[in-house]
Amino acid sequence: MADKKKRRRTDQNSEDEDSVGHEVIPFKKRLKPDKVILSSLKDLVETLRSNNSSAQKTLTLSDLDLSFNCREVADLNLSSVQDAIERLILRITQSILSGSGFSFDVPARGNANQLYIPELDRIVLKDKTSIRPYANVSTVRKTTITTRILQLVHQLCLKNIHVTKRDLFYTDVKLFQDQGQSDAVLDDVSCMLGCTRSSLNVVAAEKGIVVGRLIFSDNGDMIDCTKMGMGGKAIPPNIDRVGDMQSDALFILLVEKDAAYMRLAEDRFYNRFPCIIVTAKGQPDVATRLFLRKMKTELKLPVLALVDSDPYGLKILSVYGCGSKNMSYDSANLTTPDIKWLGIRPSDLDKYKIPEQCRLPMTEQDIKTGKDMLEEDFVKKNPGWVDELSLMVKTKQKAEIQALSSFGFQYLSEVYLPLKLQQEDWL
């Protein structure tokens, strides 16, 4: 009798587990042949493209009957940016000569002036401004920094060159003191002039990388991202030099962390399941957000996100999808709508039998962040996100993508992701 019970238990476990030597690989036997999974993914892409072709035009702020005005920026060419700066300085000069003093009318970018619009599924900036006078001890320094940034951007327009935010900071270290201050004023200037930050010819250092089934031109050079090695291709900091995107991928895989990206790139996951793999190595930068939006728009592919099972993973996902509060004035250009949360989700910890030693206790700050996110409108809009985030806060457990490595270094690419795709298990 004892032998029968033992046999029955072993048979039951064998439905979910596959042993290689002494290593147990959960759920491997549930995987169907790759061609079955690929067939399902192809149907998904065809449905998406069919829906896109039959859908009405994308909603914009001007289509909505809002009871308040919002401020949005647009891509401007260098001569337009130069003209906007000169007209602004001319108005200030006239103000000084008329005896009204020297001040800037700066859009307020605080939380109180931001709003999530469900119809657009993104955060926007309301049209409230504040005065930044030179003749005030509390604002004189910031007014000086604003003037200096305008001068430097004007020089870039005249010379038709690009610089990094770090270069900009080092032009006047004594005045700026900290790069965070020059970066913040740069966003103010972008908003004041009504143009995107990339229109100012000031870019962030290269951070994001892409690998997989994508060919595109970078400043005239054709780049094949299947031939870039496991390091991938650095995403160009100025998106205006990117064009001619071609791909036979079935989806875009957005990965939070560099470590998971490297695993998938080395295993050439994009050859087994045709896809494009992108990461910004943590908090998304502007170039990666622009590049992702461009891919989604031009290739019309679903975007599936792989992030850590913690509040910050979901925050990163929301920045890609709905926009960041810091750059809400440019959300129309920086957001990629309808990103699906593939994993790692809180419910996956038990579903995939993640060992207790690989789960981390949430700190008080983690729990507070999770609860705060549950109050956000863009989370409330998605019941699946609410359920997952509520489970996370309730269990007080979090886990990184690397927790899957407890079943083997290649479990992510060989079992977890294929099974997720097979089950179409995303939110």
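The structure under discussion appears in the preceding block.
These numbers come from a predicted model, not from an experiment.

Caption draft 1: Quick look at the pattern of salt bridges. In total, this model carries 31 salt bridges according to the counting rule given. A salt bridge links Glu298 to Lys294; its shortest N-O distance comes to 3.0 Å. Taken together, the positions of Glu298 and Lys294, both in helix 10 (residues 286-299) and four residues apart, correspond to about one turn of that helix. Where Lys368 meets Asp372, a salt bridge forms, and the shortest distance between an N and an O atom there is 2.9 Å. Here Lys368 pairs with Asp372, and both are found in helix 14 (residues 364-374), just four residues apart, close to one helical turn. With a relative accessible area of 46%, Lys368 lands in the partly exposed category.

Caption draft 2: Inspection of the environment of Lys207 at higher detail. Position of Lys207 relative to the elements: it lies in the loop between strand 9 (202-203) and strand 10 (209-212). Dropping the residues within four chain positions of it, Lys207 is found in contact with Ala280, Lys281, Gly282, Gln283 and Asp285. Of note is the side chain of Lys207, whose polar atom sits 3.4 Å from the backbone oxygen of Ala280. Reaching out from Lys207, the side chain makes a polar contact with the backbone oxygen of Gln283 at a distance of 2.4 Å.

Caption draft 3: Spatial organisation of the nonpolar core. Counting 93 residues, the largest nonpolar core has Leu214, Phe251, Leu253, Ile276, Phe291 and Met295 as its most contacted members. Those residues in contact with Leu214, other than ones at most four positions away along the chain, are Ile223, Asp224, Cys225, Met245, Gln246, Ser247, Ile276, Phe291, Met295 and Leu299. By size, the runner-up hydrophobic cluster in this structure holds 28 residues, among which are Leu78, Leu88, Leu193 and Leu200.

Caption draft 4: Layout of the packing of aromatic side chains. Summed over all chains, the structure comprises ten aromatic pairs. Arranged with centres 5.4 Å apart and planes meeting at 15°, the rings of Phe102 and Tyr134 form a pair that is stacked. With Phe102 in the loop between helix 3 (78-97) and strand 4 (103-107) and Tyr134 in the loop between strand 7 (129-133) and helix 4 (140-159), this pair connects stretches of sequence that are 32 residues apart. For Phe102, a relative accessible area of 23% puts it in the partly exposed group. The exposure class of Tyr134 is partly exposed, given its relative accessible area of 41%.

Caption draft 5: Spotlight on the sheet that holds strand 6 (residues 122-126). With respect to topology, three strands assemble into an open sheet ordered 3-6-5, the strand pairing being antiparallel. This sheet does not close on itself; its edge strands, each paired only once, are strand 3 (70-71) and strand 5 (114-117). As paired strands, strand 5 and strand 6 are joined by four bridges and run antiparallel to one another. From the neighbouring strand, Ile117 faces strand 6, where its bridge partner is Arg122.

Caption draft 6: How the structure looks around the sheet that holds strand 14 (residues 242-246). Taking strand neighbours across the sheet as the criterion, the three strands line up as 12-11-14 in an open arrangement whose pairing is antiparallel. Each having just a single partner strand, strand 12 (221-224) and strand 14 make up the two edges of the open sheet. Direction aside, neighbouring strands of the sheet carry axes that sit 25° apart on average. Of the strand pairs in this sheet, strand 11 (residues 215-218) and strand 14 are connected by three bridges, and their pairing is antiparallel. Across the sheet, Asp218 pairs through a bridge with Val242, a residue of strand 14.

Rules behind the numbers
Residues numbered from 1 in each chain as written. Predicted model: local features only at pLDDT ≥ 70, side-chain atom pairs only at ≥ 80, totals over all residues. Heavy atoms only, no water. Salt bridge = Lys/Arg side-chain N within 4 Å of Asp/Glu carboxyl O. Helix = DSSP H or I, 4+ residues; strand = E, 2+ residues; numbered from the N terminus. Buried < 20%, exposed > 50% of the residue type's maximum accessible area, 1.4 Å probe, protein only. Contact = heavy atoms within 4.5 Å. Polar contact = N/O pair within 3.5 Å; in protein donor to acceptor, adjacent residues only side chain to side chain. Core = buried A, V, L, I, M, F, W, Y, C linked by side-chain atoms within 4.5 Å. Phe/Tyr/Trp six-rings, centres within 6.5 Å; stacked < 30°, edge-to-face > 60°. Pairing = 2+ DSSP bridges. Axes fitted to C-alpha atoms, helices over the stretch in contact; angles between N-to-C directions.

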